[in-house]
Amino acid sequence: MATRVLIGGQWGDEGKGKIVDVLTEKAEWIARFQGGNNAGHTVKVGDRKYVLHLIPSGILREGKTCILGNGCVIDPAGFLTELAEVHAGGIDTEGRLWISDRAQLALPYHKAMDGARESRHQEAGVKIGTTKRGIGPAYVDKMQRTGLRAGDVLVAGFAEKLRKNVQDHNQLLKIHGVDELDEEAVLEEVLAATERMKPMIVDTTVMLNRAVANGESVLFEGAQGTMLDIDHGSYPFVTSSNTTSGGAASGTGVPPNRIEDVIGVVKAYTTRVGEGPFPTELFDAQGDEIAKVGDEFGATTGRARRCGWFDAVVARYAVMVNGVNWWAITKLDVLDGFETLKICVAYDVNGERIEHLPGQIETFAACTPVYEEMPGWKCPTTQARTWEDLPENCRKYIQRLEELTGAPAGFVSVGPKRDETIITPSAPADIR
Ligand code: GDP
Ligand code: IMO
Ligand code: MG
C-alpha cells in the first residue's frame, strides 16, 4: 500500500476508526497528525469494542507501528489511561507506539480554560459545545509559542517551564472568575505522567520519512472532519486544528509530494455533535429513527448526535478541499428501513440557489436544503459482501452520491465490524 491520508468528510464520527482498522491490514505505519483526545474512534473487532481517543486505531493490529505526529496535542494523563485500556484489551504496544518530540502537550490548565471559556461563551450565546478536553487552549499556546512540547520532557528545565505555565494560566482563570488550580498538584500529576511517556518520545519526523523513503506503506489517520477544520470548516463552530488532508503533511513532517492517495469517509447521512449550523438536520421522527438505528451517541462525551440527511454540498466541498480520490461510505445499513431518502443537492439562501459552501457562518446559518428524493430499499444490507449483493435502490443511492460529490465509493460499510465492508471496483488495486 502507498502513503494514504484518511479524513472525515463531514462533522466527524463518520466511522474513520473502523475504516482505518480495515485498511491497516495492508499498512505498516499509522500516523495521527492533528487533534487530541477530543476524538472518539470506535472499532469493533469480533465481539470486542475498543474506543480510541488519541492512540491511532491501527494499534489494534499486531505488528503495526503507530505515531502521534507533531500536529497532535497530547494530554499525558489521558494518554496513559487510554494506553492502560488498550493493554487491558489484550493489545501489546511495546516498541510500536511513538510520540513526536514536537507534539504539544494538553495540560490540566488547558482543560480548565476550555471549561471556563465555554461557560463565558454560553453566557454570550456563542457556545461551541467543545469536548472540554482543553484542545482549543492547547493550540492557543502552540500558536502564541508558549506551549510545552513532548520533547521538553526530555531536556532540563521542564518542571520550571511547567510551573511558570501553571502560574500564568491561574492568572487567566482568575480573570474568567474560575477557581485556580493547585500548582503543586498539577506539577505532581504532569511530571509523573510525562516521566512514563519518556521512552515513547522520539523524532517521529525522521522515523516516518525514513519509512516512506524505504517504500513502506503509511496511513495518515485524520480525526474530526472537514466541517470542523479550523480554516475550512463552519468557523467558529470547529475544532482548533487542520483536520483536512493538508494537515497530514504539516502534522507529521512528511511532505505533500510524498502523499499519494486521499480517502474521504462519509456517513450515508449526516451527524453533528456540539453547536453550530447544520442545514439538513432533522427534528422529526425520521431524525429519531436515524439516531436510534445508528446508535448516534458520542464516544467521547456521550452526547446525543444531531442527525440529518446526506448533504452533498458539504461532501462536494470536502472533495475539493481534501482532494478526495475515493469515498468510504459508512452506515448504509442504518437507512435500510426508510421508505424514501432525501439528499441535499444545493442550498436556498433567501430565495437564491447556491451549490457551494458559504464562507460566512451567518450565510451558512441561513441556508435551507434543496432536496432530491430517492426511493429506499427496505431490506437489510448488513449481510452484503459484494456490490452485487446490495439491493438495486441502494446501489442507485450510492451512485447518486458519487455523481453529486464527484468521487467514487471504493468502500461501502454495512455494519461496524471489519468484514461488514464491501470493497468496490473503484477502490485502488492494492487494497482490493
Ligand atoms: P469516527 O470518530 O469517525 O471513528 O466514528 P465513531 O467511531 O465516533 O462513530 C462511528 C460509529 O459507527 C462507531 O460506533 C462504529 O462502530 C459505527 N460504525 C462504523 N461503520 C458502521 C456501519 O457501516 N454500520 C453501522 N451500523 N455502524 C457503523
Ligand atoms: P472524531 O475524531 C465529532 C466537535 C465538538 C465541538 C467542536 C469543538 O471522533 O470524529 P473541541 O473539543 O475539539 O474543541 O470541540 O468539535 N468535535 C467532534 N465532533 N467527532 C469528533 O472527533 C470531534 N472532535 C471534536 O463536539 O462541536
Ligand atoms: Mg468519533
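You'll find the structure just up there.
Residues numbered from 1 in each chain as written. Chains lettered and ligands numbered in written order. Predicted model: local features only at pLDDT ≥ 70, side-chain atom pairs only at ≥ 80, totals over all residues. Heavy atoms only, no water.

**Focus: the site of ligand 1**
Taken together, the neighbourhood of ligand 1 is formed by 16 residues, with Lys 16, Gly 17, Thr 42, Asp 333 and Ser 413 sitting nearest. Between ligand 1 and Gly 15 there is a distance of 2.9 Å, counted from an oxygen atom to a backbone nitrogen or oxygen. Within the backbone of Lys 331, a nitrogen or oxygen atom sits 2.9 Å from an oxygen atom of ligand 1. For the shell around ligand 1, the secondary structure elements donating two or more residues are α1 (16-24) and β3 (41-45). Looking at the shell around ligand 1, the element that brings in the most residues is α1, giving three residues. Considering only residue class, the shell around ligand 1 consists of two nonpolar, seven polar and seven charged. A domain-level breakdown of the shell around ligand 1 finds at least three residues from each of domain 1 (3-99 + 201-261) and domain 3 (266-423). (Near = heavy atom within 4 Å. Polar contact = N/O pair within 3.5 Å; in protein donor to acceptor, adjacent residues only side chain to side chain. Helix = DSSP H or I, 4+ residues; strand = E, 2+ residues; numbered from the N terminus. Nonpolar A, V, L, I, M, F, W, Y, C, P; charged D, E, K, R; others polar. Domains from an automatic or database assignment.)

**Some words on the packing of aromatic side chains**
Evaluation of the coordinates by the stated rule reveals six aromatic pairs. With a centroid separation of 5.8 Å and 55 degrees between ring planes, the pair formed by Trp 377 and Tyr 397 is classed as tilted. In this pair, Trp 377 sits in the loop between β18 (368-375) and α12 (392-405) while Tyr 397 sits in helix α12, placing the two residues 20 residues apart along the sequence. Exposure class is identical for Trp 377 and Tyr 397. Each is buried. An aromatic cluster is present here, built from Trp 11, Phe 278, Tyr 347 and Phe 364 joined pairwise through their rings. (Phe/Tyr/Trp six-rings, centres within 6.5 Å; stacked < 30°, edge-to-face > 60°. Buried < 20%, exposed > 50% of the residue type's maximum accessible area, 1.4 Å probe, protein only.)

**Topic: the coordination of the magnesium ion (ligand 3)**
The protein atoms that coordinate the magnesium ion (ligand 3) are Asp 13 (OD) and Gly 40 (O), at distances spanning 2.0 to 2.1 Å. Placement of Asp 13 in the loop between β1 (3-8) and α1 and of Gly 40 in the loop between β2 (29-32) and β3 is noted, with a sequence separation of 27 residues between them. Under the relative-accessibility criterion, Gly 40 is labelled buried at 14%. (Donors = N, O, S within 2.8 Å, 3.2 Å for Na, K, Ca; no water.)

**Some points on the pairing of strand β4 (residues 48-52)**
When β3 meets β4, the two strands line up antiparallel, connected through five bridges. Bridging across to β4, Val 43 finds its partner in Tyr 50. Linking two consecutive strands that pair antiparallel, namely β3 and β4, is a turn of two residues; a positive phi of about 60 degrees is found at Gly 46 within it. (Pairing = 2+ DSSP bridges.)

**What to know about the pattern of salt bridges**
Tallied over the entire structure, the rule returns 25 salt bridges. Of the charged contacts, one joins Arg 4 and Asp 430 as a salt bridge, the two residues approaching to 3.1 Å between their closest N and O atoms. Note that Arg 4 is positioned in strand β1 and Asp 430 in the segment after β20 (421-423), a separation of 426 residues in sequence. The partner of Lys 396 in a salt bridge is Glu 392, with the nearest N and O atoms 3.5 Å apart. Of the two residues, Lys 396 and Glu 392 are both situated in helix α12; the distance of four residues between them amounts to about one turn of the helix. (Salt bridge = Lys/Arg side-chain N within 4 Å of Asp/Glu carboxyl O.)

**Details of the site of ligand 2**
As a structural note, the neighbourhood of ligand 2 is formed by 20 residues, with Asp 13, Lys 16, His 41, Thr 131 and Thr 239 the closest of them. Within the contact set of ligand 2, an oxygen atom lies 2.8 Å away from a backbone nitrogen or oxygen of Asp 13. Between Gly 40 and ligand 2, the recorded distance is 2.9 Å, taken from a backbone N or O atom to an oxygen atom. For ligand 2, whose free accessible area comes to 550 Å², the fraction covered by protein is 98%. The residue inventory of the shell around ligand 2, partitioned by class, reads seven nonpolar, 10 polar and three charged. (Areas by Shrake-Rupley, 256 points an atom, 1.4 Å probe, with all protein chains shown as cover.)

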